[in-house]
Amino acid sequence: MIQRPFFNFSKPRFDYELFTKALPQLVPVPQPKFVTLLIDSPLGNRDPKFIKVGDSVKTGQRLLLAENDTAAAVSTVTGKIDAFSEFAGNYGKMFTAITIAVSGSEETDDQFAQLGGDLSMADLSAFLSTAPGRPPFELLMDPEKTIETIVIYGGDTDVLIGTNQYALKTRTGELQKGISALKKASGIENVILAVPGESFQSYDAHFNADVRNVPAEYPYAGSQMILHHLLQKPAADGKAPEDHGVCFMRAEAVISIGRAVADKRIPLEKLVTIVAKNGEQKIVSAKIGTLMGDVLNAVNITVDDGDRIILGGPMTGFAIYTETHPIEPDTDAIMIQDASDISFSSDYPCINCGDCIRICPANISVNMLVRFLEAGQYDDAVNLYDLYSCVDCGLCSYVCVSRIPILQYIKLAKHELSRISEAEETNV
Amino acid sequence: MFKQKKFIVSHAPFWHIGSGIPERNYNMIIAALPAVLMGFTVFGIPAVGVIALSVAFAVLWELAVNYVSKRPYTVADGHAIYIGLIFGMVMPATVPWWLILVGTFLAIVIGKEIFGGIGSNPFNAVALAYAILLVSWGIHLDFNAKLANYTFDFPAAYPIAALQAFGPSATEPFSLLGMFMGQQVGGIGSVCGIAIVLGGVYLILRGFIRWEISVSFVVGVFVTAFLFNVYNPAVYGAPLFHLVTGYTLIGAFFLATDDGSSPVNFIPMLIYGALGGVLTVLIRNIGSYVDGVFFAILLINVVNPVLDKIRPKALGKVA
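Residues numbered from 1 in each chain as written. Chains lettered and ligands numbered in written order. Predicted model: local features only at pLDDT ≥ 70, side-chain atom pairs only at ≥ 80, totals over all residues. Heavy atoms only, no water.

(A) Representation of the overall build of chain A within the structure. A count of helices and strands for chain A gives 13 helices and 16 strands. Taken over the C-alpha trace, chain A has a radius of gyration of 22 Å; the compact-globule value for 428 residues is 22 Å, and the two agree within 12%. With the C-alpha coordinates aligned to their principal axes, the bounding extent of chain A is approximately 60 × 55 × 50 Å. Put simply, chain A has 428 residues, and 54% of those count as buried. Contacts in chain A between residues far apart in sequence, at least 24 positions, make up 68% of those at least 6 positions apart. Computed over 37 positive and 55 negative side-chain charges, the separation of the two mean positions in chain A equals 4 Å. (Helix = DSSP H or I, 4+ residues; strand = E, 2+ residues; numbered from the N terminus. Rg over C-alpha atoms; globule rule 2.2 N^0.38 Å. Buried < 20%, exposed > 50% of the residue type's maximum accessible area, 1.4 Å probe, protein only. Contact = heavy atoms within 4.5 Å. Lys, Arg positive; Asp, Glu negative; His and termini not counted. Charge placed at Lys NZ, Arg CZ, Asp CG, Glu CD.)

(B) How the structure looks around a negative patch on the surface. Residue and element names in this part refer to chain A. A surface patch of like charges, here negative, comprises D379, D380, E422, E424 and E425. Broken down by secondary-structure element, the contributors of at least two residues to the negative patch are α11 (378-385) and α13 (406-426). Considering every element that reaches the negative patch, the biggest residue donor is α13, with 3 residues. Inspection of the secondary structure puts D379 in helix α11. (Patch = residues over 30% accessible without salt bridge, like charges linked within 9 Å, V, L, I, M, F, W, Y side chains within 5 Å. Areas by Shrake-Rupley, 256 points an atom, 1.4 Å probe, with all protein chains shown as cover. Salt bridge = Lys/Arg side-chain N within 4 Å of Asp/Glu carboxyl O.)

(C) Molecular detail of the pairing of strand β12 (residues 269-275) of chain A. Residue and element names in this part refer to chain A. With 6 of 7 residues buried, β12 lies mostly within the body of the structure. By the bridge criterion, 7 bridges tie β12 to strand β13 (residues 281-287) in an arrangement that is antiparallel. Counterpart to V272 in the pairing with β13 is V284. Hairpin remark: β12 followed by β13, antiparallel, with 5 residues in the connecting loop; positive phi at G279, about 90°. Bridge count between β12 and strand β16 (residues 333-337): 3 bridges; the pairing is parallel. In the sheet register, I274 faces β16, and the bridge partner there is I334. (Pairing = 2+ DSSP bridges.)

(D) Main features of the pattern of salt bridges. Taken as a whole and judged by the stated rule, the model has 28 salt bridges over all chains. One salt bridge connects E416 of chain A with R419 of chain A, and the closest N-O pair in it is separated by 3.8 Å. Residue E416 of chain A and its partner R419 of chain A are located together in helix α13, separated by 3 residues, close to a single helical turn. Among the salt bridges present, the one from K112 of chain B reaches E113 of chain B, with a minimum N-O distance of 3.8 Å. Grouping residues by exposure puts K112 of chain B and E113 of chain B together as buried. Where salt bridges share partners, they join R250, E252, K270 and D332 of chain A into one cluster.

(E) The arrangement of the domain arrangement of chain B in detail. Residue and element names in this part refer to chain B. Split into domains, chain B comes out as domain 1 (21-139) and domain 2 (149-307). A separation of 20 Å is found between the C-alpha centroids of domain 1 and domain 2. Contacts between the two partners involve 37 residues from domain 1 and, on the opposite side, 37 residues from domain 2. When the buried surface of domain 1 facing domain 2 is broken down by residue, R24, F43 and N124 rank first, second and third, together holding 20% of it. (Domains from an automatic or database assignment. Buried area = accessible area lost by both parts, 1.4 Å probe.)

(F) Spotlight on the nonpolar core. In this structure, F43, M89, M91, Y247 and F254 of chain B are the most contacted members of the largest nonpolar core, which totals 94 residues. With 9 residues, helix α5 (residues 125-136) of chain B is the single largest residue contributor to this core. Lining this core are residues from two domains, each supplying at least three of them: domain 1 (21-139) and domain 2 (149-307) of chain B. Here F43 of chain B is in contact with A93, L147, Y150, F152, Q184, G186, G187, I188 and V191 of chain B, once residues within four sequence places are set aside. V151 and Y388 of chain A together with I17 and L315 of chain B belong to the second-largest nonpolar core, a separate cluster that totals 61 residues. (Core = buried A, V, L, I, M, F, W, Y, C linked by side-chain atoms within 4.5 Å.)

(G) Examining the interface of chain A and chain B more closely. Listed as interface residues are 76 residues of chain A and, on the opposing side, 45 residues of chain B. In total, about 5200 Å² of surface goes out of reach between chain A and chain B, with carbon and sulfur atoms giving 56% of it. Of all residues in chain A, R4, Y348 and I351 of chain A bury the most surface against chain B, accounting for 13% of the area lost on that side. The closest approach of N and O atoms between R311 of chain B and D386 of chain A, which form a salt bridge, is 3.0 Å. In this assembly, chain A and chain B are joined by 23 residue pairs in polar contact (both at pLDDT 80 or more). No other element matches helix α6 (residues 223-229) of chain A, which puts 4 residues into the side of chain A that touches chain B. (Polar contact = N/O pair within 3.5 Å; in protein donor to acceptor, adjacent residues only side chain to side chain.)

(H) Up close: the packing of helix α2 (residues 45-68) of chain B against helix α4 (residues 97-110) of chain B. Residue and element names in this part refer to chain B. Where α2 contacts α4, the two axes come as close as 9 Å, and the packing angle between them is 45°. Between α2 and α4, the crossing angle belongs to the class labelled oblique. The handedness of the crossing between α2 and α4 comes out as right-handed. Facing V50, L53, S54, F57, A58, W61, E62 and V65 of α2, the residues of α4 in contact are W97, I100, L101, T104, F105, I108 and V109. (Axes fitted to C-alpha atoms, helices over the stretch in contact; angles between N-to-C directions. Parallel < 35°, antiparallel > 145°, perpendicular 65-115°, else oblique. Left-handed = near helix turned anticlockwise from the far one by under 90°.)

(I) Representation of the sheet that holds β16 of chain A within the structure. Residues and elements named next belong to chain A. Reading across from one edge, β1-β13-β12-β16-β14-β15 is the order of the 6 strands in this open sheet, with mixed pairing throughout. At either end of the open sheet lies a strand with only one pairing partner, and these are β1 (26-28) and β15 (318-320). On average, each strand axis in the sheet is inclined to that of its neighbour by 35°, with strand direction left out of account. Pairing of strand β14 (residues 308-311) with β16, which is carried by 4 bridges, proceeds in the antiparallel orientation. Bridging from a neighbouring strand, I310 pairs with M335 of β16. The sheet strands contacting helix α4 (residues 163-170) are β1, β12 and β13, and the helix crosses β12 at an angle near 130°.

(J) Representation of the side chain of T76 of chain A in the model. Relative to the elements of secondary structure, T76 of chain A occurs in the loop between β5 (72-74) and β6 (79-88). For T76 of chain A, the side chain forms a polar contact with the main-chain oxygen of I288 of chain A, separated by 2.8 Å.

(K) Molecular detail of helix α14 (residues 293-307) of chain B. Residues and elements named next belong to chain B. Counted at 1.5 Å a residue, the expected span for α14 with its 15 residues is 21 Å, and the 19 Å between its end C-alpha atoms agrees. The principal kink in α14, of about 30°, is found at N301, preceding the proline P305 by one to four residues. Looking only at α14, the buried set comprises V293, F294, F295, A296, I297, L298, I300, N301, N304 and L307. (Expected span 1.5 Å × (residues − 1). Bend = angle between axes of the 7 residues up to and from the residue.)

(L) Local environment of the domain arrangement of chain A. Domain annotation for chain A reports domain 1 (34-102), domain 2 (121-263) and domain 3 (355-427). When each unit is reduced to the centre of its C-alpha atoms, the spacing between domain 1 of chain A and domain 3 of chain A is 36 Å.

(M) Main features of the packing of aromatic side chains. Residue and element names in this part refer to chain B. This model, assessed by the stated rule, comprises 22 aromatic pairs over all chains. A ring pair is formed by F143 and Y158, whose centres lie 4.6 Å apart and whose planes are at 50°; its orientation type is tilted. With F143 in helix α6 (residues 143-146) and Y158 in the loop between α6 and α7 (159-166), this pair connects stretches of sequence that are 15 residues apart. Comparing F143 with Y158, the two get one shared label, buried. (Phe/Tyr/Trp six-rings, centres within 6.5 Å; stacked < 30°, edge-to-face > 60°.)

Below, the structure written as structure tokens:
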């Protein structure tokens with residue numbers, strides 16, 4: 001964490017983790033006794049006749065809650081279903097958590113291996129939607145959206161995290177295969193590989209993609225920043241990138257596709273960057289569904305009462321409340337913060353010091369915006385003070401003298417506005 | 001027994017740069033202290049009494065407002081102390097106690113708290129209080145009258161008043177360097193230019209005030225005074241004289257830079273400061289008041305919200 005320097009000539013600056021010196025040693029997490037898989041479908045959808053506690057599960061088997069349910073998880077272990085439970089995600093979204101007790105012998109489900117020839121989007125989507133990196137097939141297959149460009153980002157979107165950078169540097173061949181398979185399946189020819197920093201020239205010739213350079217300074221790798229600076233699309237309309245015909249994918253997601261195609265086997269291991277209390281980074285490889293506690297044990301990190309466990313990085317991650325939270329396909333990092341390093345936000349008003357304005361990468365008048373947001377005047381915040389230009393980087397909250405939870409206000413406003421527009425669309 | 005560990009759960013970002021409002025205010029107080037101490041050496045014990053009383057009253061007024069409005073006590077953030085200190089710094093050393101009581105009431109309650117407290121004040125609290133006092137009890141703020149019983153080892157007339165009444169020829173006894181070093185009549189904390197500039201530079205270097213405002217204010221005063229001086233040197237004072245006398249420097253570094261009532265974007269800050277400097281000299285040279293700094297600052301406070309609409313285009317905005 002960068003503390004305020006005594007003299008304050010320039011604004012603070014964060015750079016992404018680039019592993020320019022040496023790549024860290026990969027630490028494998030041993031097979032856990034239990035894994036928990038999340039299915040993007042509420043528990044109420046479960047058909048008790050179709051899937052129940054005690055059912056045997058093979059590695060690589062698709063798990064559905066009911067025969068016709070679309071959301072699925074792919075089991076990463078062989079064992080027996082131990083429990084079903086409700087799982088509340090962000091913004092009140094409900095998932096179903098399936099806990100599987102791992103048995104000693106490993107049996108692989110061969111449904112995926114039996115798919116012959118070139119894989120179609122439907123095949124990829126059915127088996128690889130919860131693969132490491134979580135490839136966003138639902139966007140590519142959405143009939144209402146025309147995706148013209150796929151942007152693969154070969155870095156990570158938060159500081160201190162090295163997951164995708166590590167994947168890019170160590171699994172180049174699989175990335176290459178993944179890009180080819182993705183192009184073939186989706187029919188989208190315009191694939192951009194964005195790499196952070198000056199390292200892009202070394203990748204240029206190897207890939208069947210347009211390799212571009214993105215500044216290594218946070219938050220220039222955010223999807224809105226890339227949309228605006230790399231693709232020159234006006235991005236400030238509150239729409240998601242896919243509404244502009246752009247689909248963002250993690251490098252790790254494309255590598256998963258490449259591995260699946262090459263090995264005829266669904267990849268099960270997620271790369272995760274662990275940031276210890278002292279800031280030291282480790283890259284581990286853990287099966288999706290492994291519980292946080294097991295992952296932390298593997299790297300000898302203990303957490304105590306009052307600490308904070310963050311999924312993701314220090315600027316944009318989210319804190320979890322239990323060590324039994326599983327590794328999800330898009331869990332790029334786990335960061336542990338010591339109780340003494342935690343700073344709290346306050347309810348002081350804005351004093352108009354302007355630090356947020358000087359650091360905002362999107363040139364927003366944050367001081368005015370936050371006044372409208374505090375008052376709940378979201379429409380004015382959008383129309384007068386550029387709410388939708390915000391790239392959610394959190395730098396304003398980071399520098400705020402009054403310690404106002406600005407990013408929280410912004411996310412709440414965007415969430416409320418999206419709820420309003422959803423309600424309006426369905427009421428027509 | 002299974003024991004669930006309790007973790008801290010909150011929203012991103014999980015880092016903070018570590019700055020805070022109390023740190024900011026106490027640093028501003030530290031920056032103002034050299035000028036206050038120089039005032040003590042010039043005016044002696046009465047000045048100590050004025051500063052002590054105005055800080056104490058300011059804190060008490062803020063406590064009273066917090067109590068009456070049933071809001072959290074905000075005295076510890078140092079802002080009331082800071083306002084009290086700056087208010088004392090612009091007073092003559094012999095000002096009556098009740099004027100300090102009324103003045104701090106105007107600054108803390110009318111200038112700041114009724115608008116919602118720190119950061120919400122549309123006007124600089126001290127400038128507002130001083131302007132009201134000047135209009136109501138101007139005689140008590142007249143330095144020539146209030147400091148008549150002092151004997152100084154430098155010309156014992158208020159330099160700007162001398163300039164305004166008798167023209168530049170009357171300012172010959174005053175030494176520019178001497179006035180800059182504190183050899184002049186004026187407010188307790190506003191006589192010693194060098195101490196104020198040192199404090200201001202400290203605040204700028206540490207990022208607690210915005211240099212654009214201070215610099216453009218000083219430039220505004222200098223350029224306007226220079227133009228007047230060139231136009232008619234027999235009537236209008238020299239630019240450097242305007243810089244080191246009256247409230248120019250305390251205005252540039254401690255009043256105009258007040259967070260709540262000043263703009264934050266780059267170009268508006270330059271316009272805001274320069275406008276303040278221009279108005280200061282206009283009021284001094286062709287207005288009826290002796291010193292124009294406080295009225296100039298109140299006027300630029302009024303245009304601040306309009307100025308701050310000049311801002312860079314946000315990401316992805318075309319219009």
